[in-house]
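# A closer look at the structure
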Amino acid sequence: DAKTTQPNSMESNEEEPVHLPCNHSTISGTDYIHWYRQLPSQGPEYVIHGLTSNVNNRMASLAIAEDRKSSTLILHRATLRDAAVYYCILRDSGAGSYQLTFGKGTKLSVIP
Amino acid sequence: DTAVSQTPKYLVTQMGNDKSIKCEQNLGHDTMYWYKQDSKKFLKIMFSYNNKELIINETVPNRFSPKSPDKAHLNLHINSLELGDSAVYFCASTPRTGTKEQYFGPGTRLTVT
């Protein structure tokens, strides 16, 4: 899996939008961009994924740069429950197995 | 209903012992995984099973042996436990079709003393 680069940590005020960046300059054409998050003392949970177009779901939005070398996870209104480590992961859609290669992620702190 | 469950949640044992961690998923998924999260919080894939067959075995000591009695279960047996095995172990599963998102269990915290 190709490598991603994320800031180690970010802070946000409660009820403000949060933009979590991810750089993946070596992304290949068949790589999907996945985001997972891990709340304290829990297993990771899927947030969103995309290939080329921006994506929205009930949890978040994913904005993908036109050249696909970077992406941004957007939480529209941060809540205290959103405090977690957020992982940006590239997964090859052509790969026979779907294991995830986790990096260090971004630790998001939400300030009340 | 719990989608991916693991037992036990906590496991404290002494060096040299043999222990097992159990994982069950009720999602009807075909592929299951074991991940290890060490003290530095790095999550690494250990094993991947597809329809009861091993398809990935990362560089994991052969003291670790996964066993899949059926599609819904993937257990992890660890022989001759060492201090460095202390970590949180996560089980996960993925459907064969669709988005391929992974569903993780709550984790088993293993402490070897």
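Cut-off values and rules
Residues numbered from 1 in each chain as written. Chains lettered and ligands numbered in written order. Predicted model: local features only at pLDDT ≥ 70, side-chain atom pairs only at ≥ 80, totals over all residues. Heavy atoms only, no water. Salt bridge = Lys/Arg side-chain N within 4 Å of Asp/Glu carboxyl O. Helix = DSSP H or I, 4+ residues; strand = E, 2+ residues; numbered from the N terminus. Buried < 20%, exposed > 50% of the residue type's maximum accessible area, 1.4 Å probe, protein only. Contact = heavy atoms within 4.5 Å. Buried area = accessible area lost by both parts, 1.4 Å probe. Nonpolar A, V, L, I, M, F, W, Y, C, P; charged D, E, K, R; others polar. Pairing = 2+ DSSP bridges. Disulfide = S-S within 2.5 Å. Phe/Tyr/Trp six-rings, centres within 6.5 Å; stacked < 30°, edge-to-face > 60°.

Summed over the entire model, instances satisfying the criterion amount to six salt bridges over all chains. In this structure, Arg63(B) engages Asp85(B) in a salt bridge whose closest nitrogen and oxygen atoms are separated by 2.8 Å. Remark: Asp85(B) occurs in the loop between strand E8 (73–78) and strand E9 (87–94) and Arg63(B) occurs in the loop between strand E6 (53–57) and strand E7 (64–70); sequence separation between them is 22 residues. Like Arg63(B), the residue Asp85(B) is buried in the burial classification. Each of Arg37(A), Glu45(A) and Asp82(A) takes part in a single network of salt bridges with overlapping partners.

So, about the interface of chain B and chain A. Opposite the 19 residues of chain B that make contact, chain A presents 18 residues. Across the chain B to chain A interface the summed buried area is about 1,500 Å²; carbon plus sulfur atoms make up 61%. Inspection of the region where chain B meets chain A yields zero salt bridges. A breakdown of the residues in the side of chain B that touches chain A according to their chemical character gives 10 nonpolar, six polar and three charged.

All names here are of chain A. Taken together, the two bridges between strand E5 (residues 55–56) and strand E6 (residues 61–64) define a ladder with antiparallel strand orientation. Residue pairing for E6: Val55 is matched across the bridge by Leu62. The turn linking E5 back onto E6 is made up of four residues. The sheet contact formed by E6 and strand E7 (residues 70–75) spans four bridges and is antiparallel. Counted as the bridge partner of Ala63 is Thr72 from E7. Counted between consecutive antiparallel strands, the loop separating E6 from E7 contains five residues, among which Arg68 sits at a positive phi close to 65 degrees.

Here the focus is the state of the cysteines. Per the stated rule, a full pass over the model turns up two disulfides over all chains. Between the sulfur atoms of Cys22(A) and its disulfide mate Cys88(A) the distance is 2.1 Å. Here the S-S torsion is close to -85 degrees, and the disulfide linking Cys22(A) with Cys88(A) is therefore left-handed. Of this pair, Cys22(A) sits in strand E2 (residues 18–23) while Cys88(A) is found in strand E8 (residues 84–92), placing the two residues 66 residues apart along the sequence. Take Cys22(A): its relative accessible area is 1%, and that puts it in the buried class. For Cys88(A), a relative accessible area of 1% corresponds to the buried category. The disulfide that involves Cys23(B) links it to Cys91(B), with 1.8 Å between the sulfurs. On the S-S bond that ties Cys23(B) to Cys91(B), the torsion sits near -75 degrees, and the link is left-handed. Here Cys91(B) lies in strand E9 and Cys23(B) lies in strand E3 (residues 19–25), a separation of 68 residues in the sequence. Residue classification places Cys91(B) among the buried residues on the basis of a relative accessible area of 0%.

A word on the packing of aromatic side chains. A ring pair, where both rings are aromatic, is described by two values, the distance of the centres and the angle of the planes. One pass over the full model with this rule turns up nine aromatic pairs over all chains. With a centroid separation of 6.3 Å and an interplanar angle of 70 degrees, the aromatic rings of Tyr36(A) and Phe102(A) are classed as edge-to-face. In this pair, Tyr36(A) sits in strand E3 (residues 31–38) while Phe102(A) sits in the loop between E8 and strand E9 (106–111), placing the two residues 66 residues apart along the sequence. Of the two residues, Tyr36(A) and Phe102(A), both sit in the buried class. Measuring from centroid to centroid gives 6.3 Å for Phe64(B) and Tyr89(B), while their planes differ by 35 degrees, and the two rings are tilted. In this pair, Phe64(B) is assigned in strand E7 and Tyr89(B) in strand E9, connecting sequence segments 25 residues apart.

Let us now look at the sheet that holds E2(A). Read across the sheet, four strands follow the order E2-E7-E6-E5 (chain A) without closing on themselves; strand pairing throughout is antiparallel. Among the strands making up the open sheet, the edge pair consists of E2 and E5 of chain A.

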